[in-house]
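# Architecture and fold: a report
Below, each chain spelled out in residue letters.
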Amino acid sequence: MHTCHSIFCITPPHMLQEIVRNGSATQRDIALRTLITSEQFRGQRRAMKTMAAFMSAAAETGNKRRAVYDAKLGSELPGTLVRSEGDHASSDPAINEAYDGSGITYDLFFDIFGRNSIDNKGLKLDSTVHFQKGYDNAFWDGKQMVYGDGDEDLPAAERLFNRFTISLDIIGHELTHGVTQYEANLAYWDQAGALNESLSDVFGSLVKQYQRKQTASQADWIIGEGLFTSNVKGVGIRSMKAPGTAYDDPILGKDPQPGHMKDYVRTVEDNGGVHINSGIPNRAFYITAIELGGNAWEKAGRIWYKTLTEKLQERSTFQQGCDLTYEAAGELFGANSLEQQAVKKGWAEVGISVAGDAPSGCLSTVLSVFGISLRAEK
Amino acid sequence: MKILFERTGGIMGSKSVLNIKLEDLPSNEADTLRKLLSDADFFSLSEDLAVHPSPDAFHYTITVATDTIQHTIHTSDTTAAQELRPLLQELSQRARTLRRP
Ligand SMILES: [Zn+2]
């Protein structure tokens, strides 16, 4: 067995990361070696990559670099640079929202998950605002975030959409697509695509909750609050708490999201309904977070983050999303921990059961042989 | 000349459809569309320009039919050529006006 420095042996990785970042030189050294050893011990696929990231995060604390560009209602990307890191605020709210929103998203990923930007290597966060005329959308193009102004070109009485930077969770959603691209790299169709979409909603919502310092029960779990004008009967584009209820409008129609596998929508449009069936994993996350109470980013968020960065793969299915979040919860908090039970309940309520119900995680299994429970980590 | 335009995807995953006959439009509007089609060199565009779906980007399918020729293309916000974008924007804006009840 490897050498064990008492406390560090039963300290969870996220705390070790904190020590790597903030501890004394000796503490850092021990924590780093413990991380390396335990990662190797678990034989996780991204162990060395993760270690490199911890070390670079330790070396580049606060390496946040943002740039906002203005497409001036055209479609050339990225457009004209209008605000760089450290520049004064603009008189244009869209520019400031893109700047501040990507900053808060960076902070959530860095402060809570120890991640240094989209690629975990400090990638510059590029956003373009004022994309095209009357563009009712925001997207991630593989390199940057892009935001339209909604229905800015229509008379006020006909406008349905405000500018897309108005919702912080939309910004978090787009930036998370970048994180997913660098990690699980989930395909963008069918269930893998819906998981991809759901992860963007999960971390988008967490960004908003983190900024507002809201607990899971205080949060509204709405995606895109403020995006609709008062002409629309709706509170946002999606509800993670109650998929299918975000809007019901004579022009936009009704929110089509299911919140349970029995209502899974089979379609070829929208890459196989990636924005529709994401309601199912969204609700599984919501239920898990509510079960656990407190701030959703602290436990549920950490479980989903570990799953995104270490477990999910390009073609993962909902069933694998369930099994792997369950496995991640076991590794982080212990087999049969309250956290792992909450994950199981979250998925069960949307109609997906953990496969086999086996005790999870190689590390916890081996440690249990030595009488050490990961429950002591908390 | 007829244009059938379909836009799907986007962050809401919604769909809008526009079906227009140029002969039914005021002549200046029909001229604008003819010019946009010609600027995009529409009939020589390859059919499938949307190779890899990008998160939240719109996907567009446009079919243009005259008495003698019909051509369909698929493209997206991330793959469309610059010359095609003014046409995509014009058709998207027109499709949007249909959403009034
Ligand atoms: Zn998305």
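About the criteria used
- Just so you know, the residues in each chain are numbered from 1, in the order the chain's sequence is written.
- By the order in which they are written, chains take letters starting at A while ligands take numbers starting at 1.
- Predicted model: local features are reported for residues with pLDDT of at least 70 only, side-chain atom pairs are reported and counted for 80 or more only, and whole-chain, interface and lining totals are derived from all residues.
- Note: side-chain values were computed over all heavy atoms of the structure, leaving out hydrogens and water.
- Helical segments are the DSSP runs of H or I of at least four residues, strand segments are the runs of E of at least two, and each set is numbered from the N terminus.
- Every radius of gyration here is taken over C-alpha atoms, with the globule rule written as 2.2 Å times N^0.38, N being the number of residues.
- Exposure categories follow from relative accessible area, calculated using a 1.4 Å probe and restricted to protein chains: below 20% of the type maximum is buried, above 50% is exposed, and the middle band is partly exposed.
- A contact between two residues is defined here by any heavy atoms of the two lying within 4.5 Å.
- Every accessible area reported is derived by Shrake-Rupley at a probe size of 1.4 Å, with residue values counting cover from the shown protein chains alone.
- Note on charges: Lys and Arg go in the positive column, Asp and Glu in the negative column, and His and the chain ends are not counted at all.
- In this description, the location of a charge corresponds to atom NZ of lysine, CZ of arginine, CG of aspartate or CD of glutamate.
- Only N, O and S atoms count as donors, using a 2.8 Å cut-off from the metal and 3.2 Å for Na, K and Ca, and because water is excluded some sites may appear unfinished.
- Put simply, buried area is how much 1.4 Å-probe accessible surface two parts lose in total, over both of them, once they are put together.
- Think of a salt bridge as a Lys or Arg side-chain nitrogen and an Asp or Glu carboxyl oxygen that are within 4 Å of each other.
- We define a polar contact as two N or O atoms separated by no more than 3.5 Å, with the added condition that, inside protein, one atom must be a possible hydrogen donor and the other a possible acceptor, whereas residues neighbouring each other in sequence contribute only through side-chain atom pairs.
- On a scale of 0 to 100, pLDDT captures the predictor's confidence in every residue.
- By definition, two strands form a pair when at least two bridges between them are found by DSSP.
- Axis lines are fitted to C-alpha atoms, over the contacting stretch for helices. Their N-to-C directions set the angle, which ranges from 0 to 180 degrees.
- In this scheme the handedness of a crossing depends on how the near helix is turned from the far one: anticlockwise by less than a right angle means left-handed, clockwise means right-handed.
- Residues are grouped as follows: nonpolar covers Ala, Val, Leu, Ile, Met, Phe, Trp, Tyr, Cys and Pro; charged covers Asp, Glu, Lys and Arg; every other residue, Gly included, is treated as polar.
- Nonpolar cores are built from buried Ala, Val, Leu, Ile, Met, Phe, Trp, Tyr and Cys residues. Side-chain atoms within 4.5 Å join them into one set.
- For each domain, the first and last residues come from an automatic or database assignment.
- Convention used here: angles under 35 degrees read as roughly parallel, angles over 145 as roughly antiparallel, angles from 65 to 115 as roughly perpendicular, and any remaining angle as oblique.
- By definition here, a helix of n residues has an expected span of 1.5 Å times n minus one.

Check the secondary structure of chain B and you find two helices and four strands. Going residue by residue from the N terminus, the α and β elements of chain B occur as β-β-α-β-β-α. Against the 2.2 N^0.38 benchmark of 13 Å for 101 residues, chain B shows a C-alpha radius of gyration of 13 Å, consistent with a compact globule. Projected onto the principal axes, the alpha-carbon positions of chain B cover approximately 35 × 35 × 20 Å. Counting all 101 residues of chain B, 50% fall into the buried class. Counted over contacts in chain B with a minimum sequence separation of 6, partners at least 24 positions apart contribute 58%. When the accessible surface of chain B is totalled, it reaches about 4,900 Å², and 49% of it is carbon and sulfur. Seen as two clouds, the 11 positive and the 14 negative side-chain charges of chain B have centres 7 Å apart.

Right, let's talk about the coordination of the zinc ion for a bit. Taken together, His173 of chain A (NE2), His177 of chain A (NE2), Glu197 of chain A (OE), Asp56 of chain B (OD) and Asp56 of chain B (OD) make up the protein donors of the zinc ion, found 2.0 to 2.3 Å from the metal. Separated by 24 residues along the polypeptide, His173 of chain A in helix H6 (residues 168–182) and Glu197 of chain A in helix H7 (residues 190–212) bring together distant segments of the chain. Since its relative accessible area comes to 0%, His173 of chain A is described here as buried.

Okay, the interface of chain B and chain A next. Across the boundary between the two partners, chain B contributes 25 residues, which contact 38 residues of chain A. When chain B packs against chain A, the two sides together hide about 2,700 Å² of surface, and 53% of this comes from carbon and sulfur. Linking chain B with chain A are three salt bridges, by the criterion used here. For the salt bridge of Lys15 of chain B with Glu269 of chain A, the shortest nitrogen-to-oxygen distance reads 2.6 Å. Linking chain B with chain A are 16 residue pairs in polar contact (both at pLDDT 80 or more).

Quick look at the confidence of the model for chain A now. Residue and element names in this part refer to chain A. Looking at chain A, the pLDDT average stands at 86 and 78% of residues meet or exceed 70. A low-confidence stretch, residues 18–45 stays under pLDDT 50, and its non-local contacts, those more than four residues away or across chains, total 54 contacts. Low confidence marks residues 358–371, where pLDDT is under 50. Its contacts with residues over four positions away, or in another chain, come to 18 contacts.

It is worth spelling out the environment of Ala296 of chain A at this point. Of note, Ala296 of chain A is situated in the loop between helix H9 (279–292) and helix H10 (300–310). Ala296 of chain A gets classed as buried once you look at its relative accessible area, which sits at 1%.

What follows is about the pairing of strand E4 (residues 70–76) of chain B. Residue and element names in this part refer to chain B. In this sheet, E4 lies alongside strand E3 (residues 58–65) in antiparallel orientation, the contact comprising seven bridges. Each residue of the ladder has a partner; that of Val64, found in E4, is His71. Hairpin geometry of E3 and E4 is characterised by an intervening segment of four residues between the two adjacent antiparallel strands.

With that settled, consider the sheet that holds strand E5 (residues 145–147) of chain A. Residue and element names in this part refer to chain A. Within the open sheet, the five strands sit side by side as E2-E1-E3-E5-E4. Their pairing is mixed. The two strands at the open ends of the sheet, each matched to only one other strand, are strand E2 (80–84) and strand E4 (138–140). Taking the axes of each pair of neighbouring strands and ignoring which way they run, one obtains an average angle of 20 degrees across the sheet. In this sheet, E5 lies alongside strand E3 (residues 125–129) in parallel orientation, the contact comprising two bridges. What sits directly across from Ser127, in E5, is Met145. Helix-sheet contacts for H6 involve E3, E4 and E5, and the interaxial angle to E4 is about 15 degrees.

The next point concerns the sheet that holds E3 of chain B. All names here are of chain B. Read across the open sheet, the four strands follow the order E2-E1-E3-E4; overall the sheet is antiparallel. The open sheet has two edge strands, strand E2 (16–21) and E4, and neither has a second partner. Looking at each pair of strands side by side, their axes are set apart by 10 degrees on average, direction ignored. For strand E1 (residues 2–9) and E2, the ladder comprises six bridges, and the chain directions are antiparallel. By the bridge assignment, Arg7 is partnered in E2 with Ser16.

Before going further, it helps to spend a moment on the packing of H9 of chain A against helix H12 (residues 338–348) of chain A. All names here are of chain A. At a minimum axis distance of 8 Å, the contact between H9 and H12 shows a crossing angle of 145 degrees. Crossing geometry of H9 relative to H12 is assigned as right-handed. Contacts between H9 and H12 involve Pro281, Ala284, Ile287, Thr288, Glu291 and Leu292 from the first element and Leu338, Glu339, Ala342, Val343, Lys345, Gly346 and Trp347 from the second. In the contact of H9 with H12, the residues fall into eight nonpolar, two polar and three charged.

It is worth spelling out the nonpolar core at this point. Counting residues in each nonpolar core, the largest one holds 81 residues, and the members touching the most others are Phe203, Trp221, Phe285 and Trp304 of chain A. Among the elements that take part in this core, helix H5 (residues 93–113) of chain A stands out by supplying eleven residues, more than any other. The residue makeup of this core includes at least three contributed by each of domain 1 (8–182) and domain 2 (222–368) of chain A. Judged by nonpolar contacts, the second largest core, of 30 residues, contains Phe139 of chain A together with Phe5, Leu33 and Ile62 of chain B.

Residue and element names in this part refer to chain A. Orientation of H9 relative to H10, taken along the N-to-C sense of each, is 140 degrees, at an axis distance of 9 Å. Judged by the inter-axis angle, H9 sits oblique to H10. Residues Ala284, Phe285, Thr288, Ala289 and Leu292 of H9 form the contact with H10, whose participating residues are Ala300, Gly301 and Trp304. Grouping the constituent residues of the contact of H9 with H10 by class yields six nonpolar, two polar and no charged.

With that settled, consider helix H11 (residues 318–333) of chain A. At 3.6 residues per turn, the α-helix brings residues three or four places apart onto the same side. All names here are of chain A. Its 16 residues place the ends of H11 22 Å apart at the C-alpha level, agreeing with the 22 Å of an ideal helix rising 1.5 Å per residue. Counting buried positions along H11 yields twelve of 16 residues, so the element is predominantly enclosed. Restricting attention to buried positions, one finds in H11 the residues Phe318, Gly321, Cys322, Leu324, Thr325, Tyr326, Ala328, Ala329, Gly330, Glu331, Leu332 and Phe333. With its phi angle positive at about 105 degrees, Gly334 sits one or two positions after the end of H11.

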